[in-house]
Amino acid sequence: IEIIPDEVLAMPYMEKPINRDQIGLMAIDSLVPWDSMARVIDYFVDNLDMKEMGFTKTEPSFEGRPAFDPMSLLKLYLYGGRYDIRSSRKLEKACVVNIEVIWMMGGLKPDFRTIADFRKDNIDCLKKVFKEFIRRVTVDLKTGFVSIDGSKFRAQNAKDNNFTINKLDDRIQWLEGHITEYLRLMDLADKQEEKELSEVEADANGMLTKEVLEEKLQKAQERLDKYKGYREIMERDNLTQISLTDADARLMKSRNGYEVAYNVQTAVDSETHLIMDFLETNQVTDHGMLAPTLEEMKKEAGDTVIEAVADKGYDKNEDMVECLEKGIIPNVILPDGQDSYELEIPYEEATDADASSTKAEDLKKCLHAGVVPEAYKDVIQDMEVVEVRRMVSDETNEPKAEAKSPYGTEKEMKARAEEGYFVRDPERDVVYCPGGATLRHKCTKPNGATRYANKQACKGCPLRDKCIAGKGITTWKELDFSKDCLEKQAKWMKKEPEENGSDDEAGKPPKAGKKRRGHFEKRKIVKFKLHPNREKMAQRMCLSEHPFGTIKRGLGATHFNLRGKQKIRGEFALFAFGYNLARVENLLGFGRLIKVVRG
């Protein structure tokens with residue numbers, strides 16, 4: 001039997017590599033696939049009116065060095081938005097190594113500064129491009145209602161460069177303790193010098209030299225002055241947060257914990273799953289964001305009533321009423337055990353209310369007159385005009401005097417707080433607690449009361465077991481103060497005996513603070529029940545979550561490279577364009593997509 005060597009049985013390679021030194025003739029177009037997205041972007045931008053959209057340098061100048069065609073730079077950014085090439089330096093490299101980009105740019109090789117300047121100068125135009133693409137591709141597509149949702153995108157601002165007033169209070173207290181300790185060590189060093197203790201002996205005893213202590217003291221004092229300056233700015237401008245790198249970014253809670261971010265709202269179509277519109281915000285929650293997100297869409301829809309669905313985070317009565325007045329049906333997911341929302345609006349008599357009209361002004365007239373518009377007959381029930389008795393503030397031409405604390409100085413307020421009271425300082429808008437901490441303004445309640453809290457201070461408070469009902473480490477004290485309330489007695493403190501037979505409770509602020517600033521009046525209001533569509537609400541999760549997941553995972557856009565609300569609006573327009581381009585390719589196919597993008 002003849003044995004054949006393994007070398008003979010081995011299969012040959014598929015083909016021999018091309019000789020790199022070989023000279024060949026070929027067109028760049030032959031290197032780009034016929035169904036490449038670069039061709040779609042190229043055709044789309046070539047059919048845009050760049051001047052009408054507001055782009056700069058749309059007409060060539062005959063003076064100075066020639067500029068790059070803005071069409072070419074726009075194609076570059078749209079391509080980068082689709083394939084996760086976001087930074088100007090990566091786009092610069094793509095113009096050299098990426099065959100599709102070389103074809104699309106016609107061999108132009110702008111540097112990263114030119115690429116970045118184009119985006120900076122035309123940042124407001126990028127959303128117009130996004131809207132124009134939506135207008136063209138939805139001509140032949142059936143659209144339905146929209147789903148509204150928000151998602152957090154990290155900003156270019158580290159958490160260490162974001163401060164709340166409570167965080168500043170903690171750092172200031174920590175630095176003041178260190179400064180006190182440094183001063184004590186410096187006094188000790190001076191005494192050691194008097195005893196002529198050598199540096200070697202001082203080091204052996206674990207003491208720092210006077211020069212090192214002076215350096216540490218100077219740095220701590222500089223940081224202390226800086227933090228106090230931040231706190232003064234926040235108290236003066238009534239800010240809840242301050243971000244040093246990106247002033248518009250805010251600290252928000254997300255699935256990954258707390259991070260400095262933006263809360264971007266999107267409106268996703270139920271039929272095509274395309275992002276129809278978006279709104280960049282720095283609001284920590286979604287409350288009240290339904291009407292603002294749909295404002296531009298409603299203007300484009302004209303007199304057509306649009307319908308939207310949203311999750312429980314958008315549950316705000318005033319926001320839903322505003323939507324109905326503008327011609328938007330809000331299907332907000334109901335709380336557990338509830339089948340409708342009970343809403344009310346002021347009654348306004350209107351003899352010319354047209355229930356058959358879908359114009360925003362007519363819809364508003366009907367609602368305020370107690371008439372159900374025909375467009376809302378399936379969602380509004382039990383509408384009636386009722387008379388109620390409500391408190392009305394006494395309005396005068398003179399400015400209202402603010403409540404003043406009966407204690408003159410901050411020291412007196414803190415001394416009163418140590419007796420077992422929560423004392424409010426109306427000038428600084430803070431509350432001093434019996435534990436020696438300062439509670440800061442957290443939020444304003446719908447009834448006008450101000451809520452104060454200090455999560456960090458409650459963790460190590462010596463009175464925690466008395467003051468806080470919950471024993472968990474995550475609980476903390478929250479207090480609501482009305483505008484005229486100046487102090488509250490701690491519930492755990494025994495009330496002091498009455499003096500001289502006074503009927504006033506011990507610890508109550510002066511009677512002037514309890515003076516009523518209004519009177520009761522009878523008014524007519526319109527009450528009705530809003531019944532959201534349950535079938536449409538059931539589709540919400542399948543609509544809103546998918547685009548955000550694709551943008552963050554598929555396109556790698558988990559954070560913003562730019563800073564400021566205006567700039568991140570343009571950057572998110574590139575994210576949304578990239579998602580919509582991939583989605584439309586699946587819906588229409590390459591052949592139809594090429595036709596519709598030409599407009």
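1. Things to note about the overall build of the protein chain
Moving on, step 1. Within the protein chain one finds 20 helices and 17 strands.
Moving on, step 2. Counting all 599 residues of the protein chain, 43% fall into the buried class.
Moving on, step 3. Expressed as a percentage of contacts within the protein chain between residues at least 6 apart in sequence, the contacts between residues at least 24 apart total 68%.
Moving on, step 4. Total accessible area on the protein chain stands at roughly 35,000 Å², and carbon and sulfur atoms take up 49% of it.

2. Brief notes about the pattern of salt bridges
Moving on, step 1. Throughout the structure, instances matching the rule amount to 35 salt bridges.
Moving on, step 2. In this structure, lysine 120 engages aspartate 117 in a salt bridge whose closest nitrogen and oxygen atoms are separated by 3.7 Å. Highlighted residues: lysine 120 and aspartate 117, both in helix H7 (residues 112-121), separated by three residues, approximately one helical turn.
Moving on, step 3. A salt bridge links lysine 365 to aspartate 352; its shortest N-O distance comes to 3.0 Å.

3. Some words on the nonpolar core
Moving on, step 1. Residues Leu74, Leu294 and Leu593 are the most contacted members of the largest nonpolar core, which totals 102 residues.
Moving on, step 2. Ranked by the residues each element gives to this core, the list is headed by helix H20 (residues 565-597), at 16 residues.
Moving on, step 3. Excluding anything up to four places from it in sequence, leucine 294 contacts Val146, Ile148, Ala267, Ile306, Ala308 and Ile328.

4. Examining the sheet that holds strand S14 (residues 450-453)
Backbone-to-backbone hydrogen bonds join strands into a sheet, with any given pair of strands oriented parallel or antiparallel.
Moving on, step 1. Across the sheet, six strands lie side by side as S15-S14-S13-S12-S11-S16; this open sheet has antiparallel pairing. In this open sheet, the two strands that pair with only one neighbour each are strand S15 (478-481) and strand S16 (487-489). Taken over all neighbouring pairs, the strand axes of this sheet differ in orientation by 30 degrees on average, direction set aside.
Moving on, step 2. Two strands pair when backbone bridges link them, and S14 and S15 are joined in this way by four bridges, in the antiparallel orientation. If you follow tyrosine 452 over to S15, its bridge partner there is leucine 479.
Moving on, step 3. Sitting on the sheet, helix H15 (residues 410-418) is in contact with strand S11 (421-425), strand S12 (430-432) and S16, with an inclination near 160 degrees to S11.

5. Considerations on the packing of aromatic side chains
Moving on, step 1. Within the structure shown, the criterion is met by 19 aromatic pairs.
Moving on, step 2. An angle of 55 degrees between the planes, with centres 6.2 Å apart, marks the rings of phenylalanine 153 and phenylalanine 548 as tilted. Pair noted here: phenylalanine 153 is in strand S1 (residues 146-154) and phenylalanine 548 is in helix H19 (residues 540-554), with a separation of 395 residues, a long-range link. Like phenylalanine 548, phenylalanine 153 is buried.
Moving on, step 3. Taking the centre distance of 5.6 Å and the plane angle of 40 degrees together, the rings of phenylalanine 153 and phenylalanine 560 count as tilted. Taken together, the positions of phenylalanine 153 in strand S1 and phenylalanine 560 in the loop between H19 and H20 put the pair 407 residues apart, joining distant regions of the chain.
Moving on, step 4. Here the aromatic cluster, defined as three or more aromatic residues joined through ring pairs, consists of Phe130, Phe153, Tyr262, Phe278, Phe548, Phe560, Phe572 and Phe575.
Moving on, step 5. Directly above the ring of phenylalanine 520 sits arginine 389, whose terminal nitrogen or CZ lies 4.2 Å from the centroid.
Moving on, step 6. We note arginine 598 situated over the ring of tyrosine 43; from NZ or CZ to the ring centre the distance is 4.9 Å.

6. Some words on H19
Moving on, step 1. Look at H19: 21 Å from first C-alpha to last across 15 residues, which is about the 21 Å you get at 1.5 Å a residue.
Moving on, step 2. Listed in full, the buried residues belonging to H19 are Arg540, Leu543, Ser544, Pro547, Phe548, Ile551 and Lys552.
Moving on, step 3. Structurally, H19 contributes buried residues whose contacts are with S1, strand S5 (257-269), strand S6 (275-281), strand S7 (306-310), helix H18 (534-537) and H20.
Moving on, step 4. In the segment just after H19, glycine 556 is the residue with positive phi, at about 70 degrees.

7. Quick word on helix H4 (residues 70-82)
Moving on, step 1. If you check H4, its first and last C-alpha atoms are 19 Å apart, about what 13 residues at 1.5 Å a residue would give, namely 18 Å.
Moving on, step 2. The N-capping residue of H4, defined by a side-chain oxygen 3.1 Å from the backbone nitrogen of methionine 71, is aspartate 69.
Moving on, step 3. Looking one or two places after H4, you find aspartate 84, whose phi comes out positive at around 55 degrees.

8. Let's talk about the side chain of threonine 293
Moving on, step 1. Summarising the element assignment, threonine 293 is placed in helix H12 (residues 290-301).
Moving on, step 2. Its relative accessible area of 2% is what places threonine 293 among the buried residues.
Moving on, step 3. Within polar-contact distance, the side chain of threonine 293 engages the backbone oxygen of methionine 289 at 2.6 Å.
Moving on, step 4. Filtering out sequence-adjacent residues up to four positions away, threonine 293 remains in contact with Ile148, Gln265, Asp277 and Leu279.

9. Some points on the pairing of S5
Moving on, step 1. Counting buried residues in S5 gives eleven out of 13 residues, a clear majority hidden from the surface.
Moving on, step 2. Relative to S5, S1 is paired through nine bridges, and the arrangement is antiparallel. Paired with arginine 154 across the two strands is alanine 261, which belongs to S5.
Moving on, step 3. The pairing of strand S4 (residues 250-254) with S5 spans five bridges and is antiparallel. If you follow methionine 252 over to S5, its bridge partner there is glutamate 259.

10. Notes on a nonpolar patch on the surface
Moving on, step 1. A surface patch of nonpolar side chains, amounting to about 290 Å² of accessible area, comprises Met26, Leu31 and Ile99.
Moving on, step 2. When you line up the elements, isoleucine 99 lands in helix H6 (residues 99-105).
Moving on, step 3. Note on isoleucine 99: relative accessible area 36%, which makes it partly exposed.

11. Comments concerning the pairing of strand S8 (residues 328-332)
Looking along a regular strand, one sees the side chains alternate between the two faces of the sheet.
Moving on, step 1. In terms of burial, S8 is largely enclosed, as five of its five residues are buried.
Moving on, step 2. Inspection of the sheet shows S7 paired to S8 by five bridges, in the parallel sense. Of the residues in S8, the one forming a bridge with alanine 310 is valine 332.
Moving on, step 3. Read as a crossover between parallel neighbours, the route from S7 over helix H13 (residues 317-326) to S8 is right-handed.

12. Notes on the confidence of the model for the protein chain
Predicted coordinates in regions of low pLDDT should not be interpreted in detail.
Moving on, step 1. Across the protein chain, the average pLDDT comes to 85, with 88% of residues at or above 70.
Moving on, step 2. When mean pLDDT is compared element by element in the protein chain, helix H5 (residues 88-97) scores highest at 96, while helix H10 (residues 199-204) scores lowest at 49.
Moving on, step 3. Of the regions scoring below 50 in pLDDT, residues 498-514 engages in 16 contacts with residues more than four places distant in sequence or in other chains.

13. Re the environment of glutamate 181
Moving on, step 1. Along the chain, glutamate 181 turns up in helix H9 (residues 165-194).
Moving on, step 2. Along the sequence, glutamate 181 and leucine 213 sit 32 residues apart, while their C-alpha atoms lie 10.0 Å from each other.

14. Focus on the state of the cysteines
Here is the idea: a disulfide is a covalent bond, and it sits between the sulfur atoms of two cysteines.
Moving on, step 1. For the structure on display, the rule yields zero disulfides.
Moving on, step 2. Of all cysteine sulfurs, the one in cysteine 433 lies closest to cysteine 461, which takes part in no disulfide; the gap is 5.4 Å.

15. A closer look at the packing of helix H8 (residues 125-137) against H20
Moving on, step 1. For the pair H8 and H20, interaxial distance at closest approach is 9 Å and the crossing angle is 25 degrees. When the axes of H8 and H20 are compared, the pair comes out roughly parallel. Here H8 and H20 pass one another in a crossing that is left-handed. Counted together, Leu126, Lys127, Phe130, Phe133, Ile134, Arg136 and Val137 of H8 and Arg569, Gly570, Ala573, Leu574, Ala576, Phe577, Asn580, Leu581, Val584, Leu593, Val596 and Val597 of H20 form the full contact between these two elements.
Moving on, step 2. Of the residues belonging to the contact of H8 with H20, the class tally is 14 nonpolar, two polar and three charged.

Calculation rules
Residues numbered from 1 in each chain as written. Predicted model: local features only at pLDDT ≥ 70, side-chain atom pairs only at ≥ 80, totals over all residues. Heavy atoms only, no water. Helix = DSSP H or I, 4+ residues; strand = E, 2+ residues; numbered from the N terminus. Buried < 20%, exposed > 50% of the residue type's maximum accessible area, 1.4 Å probe, protein only. Contact = heavy atoms within 4.5 Å. Areas by Shrake-Rupley, 256 points an atom, 1.4 Å probe, with all protein chains shown as cover. Salt bridge = Lys/Arg side-chain N within 4 Å of Asp/Glu carboxyl O. Core = buried A, V, L, I, M, F, W, Y, C linked by side-chain atoms within 4.5 Å. Pairing = 2+ DSSP bridges. Axes fitted to C-alpha atoms, helices over the stretch in contact; angles between N-to-C directions. Phe/Tyr/Trp six-rings, centres within 6.5 Å; stacked < 30°, edge-to-face > 60°. Lys NZ or Arg CZ within 6 Å of the ring centre and 35° of its normal. Expected span 1.5 Å × (residues − 1). Polar contact = N/O pair within 3.5 Å; in protein donor to acceptor, adjacent residues only side chain to side chain. Patch = residues over 30% accessible without salt bridge, like charges linked within 9 Å, V, L, I, M, F, W, Y side chains within 5 Å. Right-handed = clockwise from strand over helix to strand, strands pointing away. pLDDT = per-residue confidence, 0-100. Disulfide = S-S within 2.5 Å. Parallel < 35°, antiparallel > 145°, perpendicular 65-115°, else oblique. Left-handed = near helix turned anticlockwise from the far one by under 90°. Nonpolar A, V, L, I, M, F, W, Y, C, P; charged D, E, K, R; others polar.

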